[in-house]
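As a plain string of letters, each chain reads:
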Amino acid sequence: MLTRGGTVVIGAGHAGFAAATALRDTGVDGPVTLLDVHCGLPYQRPPLSKAYLLGKADRARVAFRPAAYYERREITLRTGQPAVAIDRSARTVRLRSGETVGYDTLVLATGARPRPLPVPGHDLGGVLVLRTLPDADALRARLETARRPVVIGGGFIGLEFAAVAAAGGTPVTIVEAAQRILSRSVSAHTAAQLEKAHHGWGNTVRTGTGVQRIIGGHDGHAIGVRLADGTDITADLVVVGVGAVPETALAESAGLAVDDGIVTDRYLRTSDPSVFAIGDCARIAERNGSRTRRRESVQNATDQARTVARTIGGAPAAYTASPWFWSDQHQLKLQIAGDLTGYDEAVTAPGEGAFSTYCFRHGQLVAVESVNRPTDHVAARKLLERTDVSLSQRAVGPGFALADFLKFR
Ligand SMILES: Cc1cc2nc3c(=O)[nH]c(=O)nc-3n(C[C@H](O)[C@H](O)[C@H](O)COP(=O)(O)OP(=O)(O)OC[C@H]3O[C@@H](n4cnc5c(N)ncnc54)[C@H](O)[C@@H]3O)c2cc1C
């Protein structure tokens, strides 16, 4: 059977769901088909390491929308339907069922999967990752009985898991190969404050040490982790959070350009003009064309989806949105506005149980990290969009509030 035409979106995560919605919002009235490997309603991922893991949100709460939404917006939702091949000359997508779906425009929103940990023992029982709803269900169940969890990787997902476990009375050991946690994502000051907070919650953070192997017991279940220096740590649950790799196999086998992500121009067009790529799987050309970037965040997925919907709707737009991100860890809400890559100076404005760190590159503000200071974050997003106001490092210090600084500017 061949279904014809319109826009087919492969992947119903943040990017795919937002693309289908934005196509309808922009008035595109042709058929929109949204496909996903997973059965059930498309869902949000951030709660999986936060409220859902804590047991404070159920499946209905993490779903983007109820089933009726897709009907009302005339989005044909087909979950449990992996796309297995793309025929670009025929403009068709083949599903695992053998069915073929035709498209005028194809949007690849295939996301990313957990980076495998290449050490012996990675496949033992009790070694888990956190990317999907079934992963979160498995972790939630294990957390009920685990006494000695070990997290491998001091990134956001590992730290959020550790914060949830500690909040439930189960302290965690976090092992990070780099000299500090979040080494690619936040400034040294903010990382140090978060590490201190984890210690305060009872977690142990061991930085500057890799993992040699995961040790198995007689029953094939993980019982410990051997560090690179030969130290053994007891573990009855091992959570691996060492990053994600973009899901590019489908694009690659269709002959599209791939380089640690599906390569796109600034309009998110792949090497085939009728195929777009958005979200975690996309590597987009930067403004000046000399660099490319792949980001993993809800903001990136959602804003790229809206950009592509505008282009498909006949008003082509280059992707220019400023990045922002958040992470909840126990009582701490970290919010990041901007991109701190290559920052050379960071100045902190401390406050009561809260702070913001302002990151500068060559004297120009490039990012603001706020912990429990949401008004700074909102103001930072506004400031980073403006070209007529600049903030000097000298202005930042105790008592500095960005919203006040912006009030009359
Ligand atoms: C536990 C967790 C917590 C997070 N917390 C935050 C946070 O606090 N803040 C933040 O900004 N970001 C957070 N992120 C990152 C954010 O969720 C991702 O950046 C976002 O989900 C990317 O959206 P996406 O649609 O590109 O990819 P995904 O959400 O991964 O969706 C991709 C979808 O494509 C489907 N798919 C793949 N291949 C096929 C195929 N061949 N056929 C059909 N379907 C296919 C997959 O099944 C998947 O559902 C978190 C991520 C995780 C996993």
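The shown structure was predicted, so the numbers you read here are calculated from the model rather than taken from an experiment.

1. A look at the sheet that holds strand β16 (residues 232-234)
Thought 1: Taken together, three strands build an open sheet; the order of strands is β14-β15-β16 and the sheet is antiparallel. In this open sheet, the two edge strands, each paired with only one partner strand, are β14 (211-216) and β16. Between one strand and the next, the sheet's axes are offset by a mean angle of 25°, whatever the strand orientation.
Thought 2: By the bridge criterion, five bridges tie β14 to strand β15 (residues 222-227) in an arrangement that is antiparallel. Counted as the bridge partner of Ile 214 is Val 225 from β15.

2. Concerning empty space enclosed by the protein
Thought 1: With the rule as written, the count across this model stands at one cavity of 30 Å³ or more.
Thought 2: In this structure, the largest cavity spans a volume of roughly 70 Å³.
Thought 3: Lining the largest cavity are Ala 12, Gly 13, Asp 36, His 38, Cys 39, Gly 40, Leu 41, Pro 42, Tyr 43, Arg 45 and Thr 79.
Thought 4: Taken together, the residues of the lining of the largest cavity break down into five nonpolar, four polar and two charged.

3. Quick word on the sheet that holds strand β2 (residues 7-10)
Thought 1: If you walk across this open sheet you meet the five strands as β4-β3-β2-β8-β20, and the pairing is parallel. In this open sheet, the two strands that pair with only one neighbour each are β4 (75-79) and β20 (275-277). Taking the axes of each pair of neighbouring strands and ignoring which way they run, one obtains an average angle of 15° across the sheet.
Thought 2: As paired strands, β2 and strand β3 (residues 32-36) are joined by four bridges and run parallel to one another. Within β3, the residue paired with Ile 10 across the bridge is Leu 35.
Thought 3: Packed on one face of the sheet, helix α1 (residues 14-25) meets β2, β3 and β4 and runs near 170° to β3.

4. Comments concerning the domain arrangement of the protein
Thought 1: Along its sequence, the protein is carved into domain 1 (2-113 + 245-312), domain 2 (127-242) and domain 3 (331-407).
Thought 2: The C-alpha centroid of domain 2 is placed 31 Å from the C-alpha centroid of domain 1.
Thought 3: Taken together, the contact pairs 16 residues of domain 1 with 13 residues of domain 2.
Thought 4: In total, about 1400 Å² of surface goes out of reach between domain 1 and domain 2, with carbon and sulfur atoms giving 61% of it.
Thought 5: Looking at the side of domain 1 facing domain 2, the largest losses of area belong to Ser 49, Tyr 52 and Leu 53, adding up to 40% of the total buried there.
Thought 6: Here domain 1 is connected to domain 2 by three salt bridges.
Thought 7: Linking Glu 160 and Lys 50 is a salt bridge whose minimum nitrogen-to-oxygen distance equals 2.9 Å.
Thought 8: At the junction of domain 1 and domain 2, the tally comes to nine residue pairs in polar contact (both at pLDDT 80 or more).
Thought 9: Contributions of two or more residues to the side of domain 1 that touches domain 2 are made by α2 (51-54), α3 (59-62) and β9 (112-114).
Thought 10: For the side of domain 1 that touches domain 2, the leading source of residues is α2, giving three residues.

5. Concerning the site of the ligand
Thought 1: The local shell around the ligand holds 32 residues, among which Asp 36, Arg 45, Lys 50, Arg 131 and Asp 280 are the closest.
Thought 2: Residue Ala 109 places a main-chain N or O atom 3.3 Å away from an oxygen atom belonging to the ligand.
Thought 3: When the ligand sits alone it has 990 Å² of accessible area, and the protein chains cover 94% of it.
Thought 4: Only α1, β3, α9 (298-312) and β23 (324-329) provide two or more residues apiece to the shell around the ligand.
Thought 5: Residues belonging to the shell around the ligand are distributed by class as follows: 17 nonpolar, nine polar and six charged.
Thought 6: Shared between two domains, the shell around the ligand takes at least three residues from each, and those domains are domain 1 (2-113 + 245-312) and domain 2 (127-242).

6. Comments concerning the side chain of Glu 160
Thought 1: If you trace the backbone, Glu 160 turns up in helix α6 (residues 156-167).
Thought 2: Judged by relative accessible area, which is 3%, Glu 160 ranks as buried.
Thought 3: One polar contact links the side chain of Glu 160 to the main-chain amide nitrogen of Asp 328, over a distance of 3.4 Å.
Thought 4: Every residue in contact with Glu 160, bar those within four places of it in the chain, is listed here: Ser 49, Lys 50, Ser 327, Asp 328 and Gln 329.

7. Here we look at the layout of surface pockets
Thought 1: Size it by volume and the second largest pocket reaches roughly 990 Å³.
Thought 2: In this structure, the second largest pocket is lined by 34 residues; those nearest its centre are Arg 287, Ser 322, Pro 323, Asp 339 and Leu 384.
Thought 3: Taken together, the residues that form the lining of the second largest pocket break down as twelve nonpolar, eleven polar and eleven charged.
Thought 4: Here the lining of the second largest pocket spans two domains, and each of domain 1 (2-113 + 245-312) and domain 3 (331-407) adds at least three residues to it.

8. Details of the environment of Glu 247
Thought 1: Structurally, the position occupied by Glu 247 is in the loop between β18 (244-246) and α8 (249-253).
Thought 2: Expressed as a C-alpha distance, the spacing of Glu 247 and Ala 112, which sit 135 residues apart in the sequence, is 4.7 Å.
Thought 3: In contact with Glu 247, not counting residues within four places along its chain, are Thr 110, Gly 111, Ala 112, Arg 113, Ile 262 and Cys 281.
Thought 4: Side-chain polar atoms of Glu 247 contact the side chain of Arg 113, separated by 3.3 Å.

Thresholds, definitions, all that
- Residues numbered from 1 in each chain as written.
- Predicted model: local features only at pLDDT ≥ 70, side-chain atom pairs only at ≥ 80, totals over all residues.
- Heavy atoms only, no water.
- Pairing = 2+ DSSP bridges.
- Helix = DSSP H or I, 4+ residues; strand = E, 2+ residues; numbered from the N terminus.
- Axes fitted to C-alpha atoms, helices over the stretch in contact; angles between N-to-C directions.
- 1 Å grid on protein atoms, 1.4 Å probe; cavity = no way out; pocket = protein on both sides within 12 Å on 5 of 7 lines; lining within 4 Å.
- Points joined across faces, edges and corners; volume = space filled by probe spheres on them.
- Nonpolar A, V, L, I, M, F, W, Y, C, P; charged D, E, K, R; others polar.
- Contact = heavy atoms within 4.5 Å.
- Domains from an automatic or database assignment.
- Buried area = accessible area lost by both parts, 1.4 Å probe.
- Salt bridge = Lys/Arg side-chain N within 4 Å of Asp/Glu carboxyl O.
- Polar contact = N/O pair within 3.5 Å; in protein donor to acceptor, adjacent residues only side chain to side chain.
- Near = heavy atom within 4 Å.
- Areas by Shrake-Rupley, 256 points an atom, 1.4 Å probe, with all protein chains shown as cover.
- Buried < 20%, exposed > 50% of the residue type's maximum accessible area, 1.4 Å probe, protein only.

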